2 protein chains.
Amino acid sequence: MKPSLIAALSLWWLAPAAISASDPLPSWNDTLPKRAIVAFVERVTREGSPDFVPLPERIAVFDNDGCLWAEQPMYFQAFFIIDRIKALAPQHPEWETKEPFASVLKGDVKSALAGGEHVLLELAMATHAGMTTAEFEQIVTDWINAAKHPTTGRLYTEMVYQPMLELLAYLRANGFKTFIVSGGGLEFMRPWTERVYGIPPEQVIGSSIQTKYEARDGQPVIVRLPELNFIDDKDGKPIGIQQHIGRRPIAAFGNSDGDFQMLEWTTAGHGPRFGLLVHHDDAAREWAYDRESHIGRLDRGLDEGPERGWTIVSMKDDWKTIFPFQGRSSTDSAHRGFKKTPGSGI
Amino acid sequence: MKPSLIAALSLWWLAPAAISASDPLPSWNDTLPKRAIVAFVERVTREGSPDFVPLPERIAVFDNDGCLWAEQPMYFQAFFIIDRIKALAPQHPEWETKEPFASVLKGDVKSALAGGEHVLLELAMATHAGMTTAEFEQIVTDWINAAKHPTTGRLYTEMVYQPMLELLAYLRANGFKTFIVSGGGLEFMRPWTERVYGIPPEQVIGSSIQTKYEARDGQPVIVRLPELNFIDDKDGKPIGIQQHIGRRPIAAFGNSDGDFQMLEWTTAGHGPRFGLLVHHDDAAREWAYDRESHIGRLDRGLDEGPERGWTIVSMKDDWKTIFPFQGRSSTDSAHRGFKKTPGSGI
């Protein structure tokens, strides 16, 4: 064996130790949540321990909105819907006088959405169906690469939580397979989750509409239909997990009561389990909302989470950094780049 | 570095070369299908080549019945259904006089199934629903570990195709992620696909019934309901692939016209693509059936497959061995252990 090869192999041999010696979660303060995460991962990966979990069973599931990326002042997919309504308006002159489209086109999103969830569904169907899956993927890709958040002016994919990116990488480095389990649209997430989170499309579970296989110009296509297929929220999350993964996760991460059943299902299994809820309590660096919020309401989780052994993360106290663009810095300078427009109407 | 460590690393270093030097597909004859498979894999894995396919896009999909394991004299899941009807009969005295149950209980499966697909569906609902997912997993596990095929006397999991096991391993050794895409029941396959095929539950796509999340004795459970959710056959295969994987496979393997759309969807994509149909033409070592068969009918695939560039495998000419228990041997001795009972009534 050549000396250079021995040297190369020595480096390869030493690399894992070098990695684990550095802090895998640098954006987490050294508070209870970080310690609980590290203790859990060390517990399930220690070979020979009674709590050791074999590689194929190391399944971790993550909510997306409010857990991996922000969700204020409304779900980012709702901004996509509004932008699509505007883009499609020239082909739909009837929308000028037809609600909820008319209000959206006038810029009065609050009035448009006042009708409740079925209104959002109607807007979603008008913008998410009627094209092939390939066409929709392109529409989402073009939008996500260009659209800016109304109050920060950042790309939506910049408004991901740095501590959660580190957590995803840390779990994967320890043999976990990471899945998204989101109420958001399945095909709205897939075009960018691999690039942004390192999560490939086959590990994304979400809400979906029905589709149809057909031929167009002699080529097979899958066409998106304006009919609901599956809502991946609340009870739907464990159902979606069973349908898609077929194995109960050992760790679940969420932030709202829509994630309650996912955490409940995950942590009710035998052996070591981990449940975590991100609590949005940082009005300065992000948003503060919980029990009364229309978006990402967290009420039952705050009441029952602790007694169920779930870890509650205070974004204010437990996270050094929120967004990657804020850098890792003191609280004051961390506000840099994050400006909110109070009372922006949405 | 200790000499023993150097020796160990040398072995580790040499292992990949040693593996690739040996034949990864020893049960395949050196005929066109094997050459086409190897040429395709080398083409997509050669770095720097214009046909190189990055790791995450190396998705291969496999039908199960008649492609990975046998499907005669009827789908193996149908034997499971019949055994469950018999096991559940004491709790259902009304079945003694109610069709199709009465015929099944009298052992006259042919009459029971004469009513067509909706009869099989009725029998499936009576046996696949009404319990939790955990209970159903246990029922399937107990059955698959004990039930024997009526004509070979072998466990059903022994009736898998040795050449396909080698193909699965060969593709995975070359960075492919292998998925099952079967018309069979999702939760009927998952309890044993990892052990038998090396395919984890999250890479199994199949037909499914609806489920409900609820609490029982204070514990969350997922209950199986007697309502169809999804039929993963024909047009359903590309739809199931898009729903579950969200990325078009680059290779698809099937054996019947139920796989036609899966191969069509896969091979219509850009770049290098591979489609393969297993043709059951070996009456001596397995079964011979195609255009007129009620099970695994292969008609359109034989007509259009070749002009679409799909590889047709003759089990008789292209496979040295069919089942692992037959060993790798001459055609005559390969019949060992495979006895059919002609006219067995099913």
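Calculation rules
Residues numbered from 1 in each chain as written. Chains lettered and ligands numbered in written order. Predicted model: local features only at pLDDT ≥ 70, side-chain atom pairs only at ≥ 80, totals over all residues. Heavy atoms only, no water. Helix = DSSP H or I, 4+ residues; strand = E, 2+ residues; numbered from the N terminus. Buried < 20%, exposed > 50% of the residue type's maximum accessible area, 1.4 Å probe, protein only. Contact = heavy atoms within 4.5 Å. Areas by Shrake-Rupley, 256 points an atom, 1.4 Å probe, with all protein chains shown as cover. Axes fitted to C-alpha atoms, helices over the stretch in contact; angles between N-to-C directions. Nonpolar A, V, L, I, M, F, W, Y, C, P; charged D, E, K, R; others polar. Least-squares fit on C-alpha atoms with pLDDT ≥ 70 in both. Pairing = 2+ DSSP bridges. pLDDT = per-residue confidence, 0-100. Core = buried A, V, L, I, M, F, W, Y, C linked by side-chain atoms within 4.5 Å. Expected span 1.5 Å × (residues − 1). Arc of directions from axis to C-beta. Buried area = accessible area lost by both parts, 1.4 Å probe. Salt bridge = Lys/Arg side-chain N within 4 Å of Asp/Glu carboxyl O. Polar contact = N/O pair within 3.5 Å; in protein donor to acceptor, adjacent residues only side chain to side chain.

(A) Inspection of the overall build of chain A at higher detail. Looking only at helices and strands, one finds 14 helices and seven strands in chain A. By residue count, 52% of the 346 residues in chain A fall in the buried class. Pairs at least 24 residues apart make up 65% of the contacts formed inside chain A by residues separated by at least 6 positions. Accessible surface computed for chain A: about 15,000 Å², of which carbon and sulfur atoms make up 54%.

(B) Looking closely at the packing of helix 10 (residues 236-244) of chain A against helix 9 (residues 186-197) of chain B. At their nearest, the axes of helix 10 of chain A and helix 9 of chain B sit 10 Å apart, and the two run at 60° to each other. Each of Gln242(A), Gln243(A) and His244(A) in helix 10 of chain A lies in contact with helix 9 of chain B, whose residues at this interface are Leu186(B), Glu187(B) and Arg190(B). Broken down by class, the residue content of the contact of helix 10 of chain A with helix 9 of chain B amounts to one nonpolar, three polar and two charged.

(C) The relation of the copies chain A and chain B, seen in detail. Each copy superposes on the other: chain A lies on chain B with an RMSD of 0.0 Å after a rotation of 180° and an axial shift of 0.0 Å. One copy is carried onto the other by what is essentially a two-fold rotation axis. The share of interface residues of chain A whose copies in chain B are also at the interface is 100%, consistent with both copies meeting through the same surface.

(D) Here's a closer look at the sheet that holds strand 3 (residues 204-216) of chain B. Residue and element names in this part refer to chain B. Read across the open sheet, the seven strands follow the order 4-3-2-1-5-6-7; overall the sheet is mixed. Edge positions in the sheet fall to strand 4 (219-230) and strand 7 (311-314), since each of these pairs with one other strand and no more. Shown here is a sheet whose adjacent strand axes are inclined to one another by a mean of 30°, direction ignored. Both strand 1 (residues 59-62) and strand 2 (residues 177-185) contribute to a ladder of four bridges, which runs parallel. Bridge assignment links Ile59 to a residue of strand 2, and that residue is Lys177. Each of strand 1, strand 2, strand 5 (251-254) and strand 6 (274-279) touches helix 8 (residues 162-173); the most contacted strand, strand 1, lies at about 165° to it.

(E) Main features of unusual backbone geometry. Residue and element names in this part refer to chain A. Between Gln72 and Pro73 the backbone carries a cis peptide bond, its omega angle lying at 0°. A positive phi angle, near 50°, is found at Asp217, a position not held by glycine. Position of Asp217 among the secondary structure elements: in the loop between strand 3 (204-216) and strand 4 (219-230). Given a relative accessible area of 81%, Asp217 falls into the exposed group.

(F) Quick peek at the pairing of strand 2 of chain B. Residue and element names in this part refer to chain B. The buried count for strand 2 comes to eight of nine residues, which makes it a mostly enclosed element. As defined by bridge partners, strand 2 adjoins strand 3 across three bridges and the pair is classed as parallel. In the strand pairing of strand 3, Ile180 is matched with Val204.

(G) Representation of the confidence of the model for chain A. All names here are of chain A. For chain A, per-residue confidence averages 91 on the pLDDT scale, and 88% of positions sit at 70 or higher. This model gives residues 330-334 a pLDDT under 50, and the stretch forms three contacts once residues within four places in sequence are excluded. Confidence drops under pLDDT 50 across residues 342-346; counting only partners more than four residues distant or on other chains, this segment forms five contacts. Scoring of the predicted complex yields 0.91 for pTM and 0.90 for ipTM.

(H) View of the nonpolar core. Membership of the largest hydrophobic core comes to 73 residues, with the highest contact counts inside it found for Met164(A), Leu167(A), Tyr197(A) and Phe253(A). With eight residues, helix 3 (residues 76-88) of chain A is the single largest residue contributor to this core. Met164(A) has contacts with Trp28(A), Phe62(A), Cys67(A), Leu68(A), Phe253(A), Val278(A) and Trp319(A), leaving out every residue within four places of it along the chain. Core analysis: the next-biggest nonpolar cluster, separate from the first, contains 71 residues, Val109(B), Leu171(B), Phe188(B) and Trp319(B) among them.

(I) Region of interest: helix 7 (residues 133-144) of chain A. For helix 7 of chain A, with twelve residues, the first-to-last C-alpha span of 16 Å sits near the 16 Å given by 1.5 Å per residue. Looking at helix 7 of chain A, one finds that the buried residues are Thr133(A), Phe136(A), Ile139(A), Val140(A), Trp143(A) and Ile144(A). Buried positions in helix 7 of chain A, seen along its axis, are confined to an arc of 120° and lie on one side of it. Against helix 3, helix 6 (117-128), helix 9 (186-197) and strand 4 of chain A together with helix 10 (236-244) of chain B lie the buried residues of helix 7 of chain A.

(J) Expanded view of the sheet that holds strand 4 of chain A. Spatial strand order, 4-3-2-1-5-6-7 (chain A): seven strands in an open sheet with mixed pairing. Strands at the two margins of the open sheet, each flanked by one partner only, are strand 4 and strand 7 (311-314) of chain A. Averaged over all pairs of adjacent strands, the angle between their axes in this sheet comes to 30°, without regard to strand direction. Along the sheet, helix 8 (residues 162-173) of chain A makes contact with strand 1 (59-62), strand 2 (177-185), strand 5 (251-254) and strand 6 (274-279) of chain A, crossing strand 1 of chain A at roughly 165°. Docked against the sheet, helix 11 (residues 260-267) of chain B engages strand 3 and strand 4 of chain A, running at close to 110° with respect to strand 4 of chain A.

(K) Up close: the interface of chain A and chain B. If you look at the interface, chain A gives 42 residues, while chain B gives 42 residues. With both sides pooled, the region where chain A packs onto chain B buries about 3,500 Å², and carbon together with sulfur makes up 58% of that total. Our count for the chain A to chain B interface comes out at six salt bridges. The partner of Arg247(B) in a salt bridge is Glu194(A), with the nearest N and O atoms 3.1 Å apart. At the surface where chain A touches chain B, the tally comes to 22 residue pairs in polar contact (both at pLDDT 80 or more).

(L) Structural detail: helix 9 of chain A. Burial analysis of helix 9 of chain A places nine of its twelve residues in the buried class, which makes it a mostly covered element. Every buried residue of helix 9 of chain A is listed here: Leu186(A), Glu187(A), Phe188(A), Met189(A), Arg190(A), Trp192(A), Thr193(A), Val196(A) and Tyr197(A).

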